[in-house]
Amino acid sequence: VKLVFTCIALFALCLVREFILYLQKYFEIKSLSGKIVPFWPSLHRLDELVTLYSVVNPVAQKLEPLNPQLQKQYRQSVTLKVRIVDCLLYALSLLLGYSLMLVVMTFNAILILVVVTGYCAGRLLFYRKLVLLNKFAVVEQTMINQDLQKGDHCHLRS
């Protein structure tokens, strides 16, 4: 009975550590990119954002978001509060990672299997969302770069 509860707890700790890694990346992207980033992004919301950033304003003749709220800068400066939160998340991630490493170093095959399975399940849950978070951070810049590539930049005009 103790082994079963231990396995459940270790599996949960692996998921928590993967979630903390995801949370660190979300916090970093949200606070430093200046973008409106959903906590749990989806491909549908990414497509919506790409569509909003791909609208050309006929007056300005340049790419502008359809929603004026997207033009606002939400970028935080790197304050002490941001650094402290980042350091606390990092410390918690290290603490859990090293604790789980010590569990693996007991050379108990069942515990090793549970830890590896927990990390794999955490990656399965959070990795795709992490990739989407990274795409949300670069949507506007990608759209601007695509707009520049459409122009005739090979010929010099006087």
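Residues numbered from 1 in each chain as written. Predicted model: local features only at pLDDT ≥ 70, side-chain atom pairs only at ≥ 80, totals over all residues. Heavy atoms only, no water.

1. Focus on a nonpolar patch on the surface
And then number 1: Where nonpolar side chains cluster on the molecular surface, the patch consists of Y90, L94, Y98, M101, L102 and M105 and spans about 620 Å² of accessible area.
And then number 2: By secondary structure assignment, the location of Y98 is in helix α3 (residues 80-104).
And then number 3: On the basis of relative accessible area, Y98 is assigned to the partly exposed category, the value being 49%. (Patch = residues over 30% accessible without salt bridge, like charges linked within 9 Å, V, L, I, M, F, W, Y side chains within 5 Å. Areas by Shrake-Rupley, 256 points an atom, 1.4 Å probe, with all protein chains shown as cover. Salt bridge = Lys/Arg side-chain N within 4 Å of Asp/Glu carboxyl O. Helix = DSSP H or I, 4+ residues; strand = E, 2+ residues; numbered from the N terminus. Buried < 20%, exposed > 50% of the residue type's maximum accessible area, 1.4 Å probe, protein only.)

2. With respect to α3
And then number 1: Here α3 contains 25 residues, and its C-alpha end-to-end distance of 36 Å stays within 8% of the 36 Å for a straight helix at 1.5 Å per residue.
And then number 2: Those residues of α3 not exposed but buried are V82, L89, S93, L96, G97, L100 and V103.
And then number 3: Where the residues of α3 are buried, they touch α1 (2-33) and α4 (109-137). (Expected span 1.5 Å × (residues − 1). Contact = heavy atoms within 4.5 Å.)

3. Thoughts on α4
And then number 1: Here α4 is 29 residues long and its end C-alpha atoms lie 41 Å apart, about the 42 Å a rise of 1.5 Å per residue gives.
And then number 2: Buried within α4 we find L111, V114, V115, G118, G122, F126, K129, L132, L133, F136 and A137.
And then number 3: Sitting at the amino-terminal end of α4 is N108, which places a side-chain oxygen 3.1 Å from the backbone nitrogen of I110. (Polar contact = N/O pair within 3.5 Å; in protein donor to acceptor, adjacent residues only side chain to side chain.)

4. Describing the side chain of S93
And then number 1: Take S93: it is sitting in helix α3.
And then number 2: Sequence-distant contacts of S93, that is, excluding residues within four places in its chain, are made with R17, I20, L21 and Q24.

5. Some remarks on the packing of α3 against α4
And then number 1: In contact at an axis separation of 8 Å, α3 and α4 are set at 145° when each is read in the N-to-C sense. Contacts between α3 and α4 involve G97, L100, V103 and V104 on the former and, on the latter, L111, I112, V115 and Y119.
And then number 2: In terms of residue class, the contact of α3 with α4 is built from 7 nonpolar, 1 polar and no charged. (Axes fitted to C-alpha atoms, helices over the stretch in contact; angles between N-to-C directions. Nonpolar A, V, L, I, M, F, W, Y, C, P; charged D, E, K, R; others polar.)

Note that all results are geometric; they support no functional claim without further evidence.
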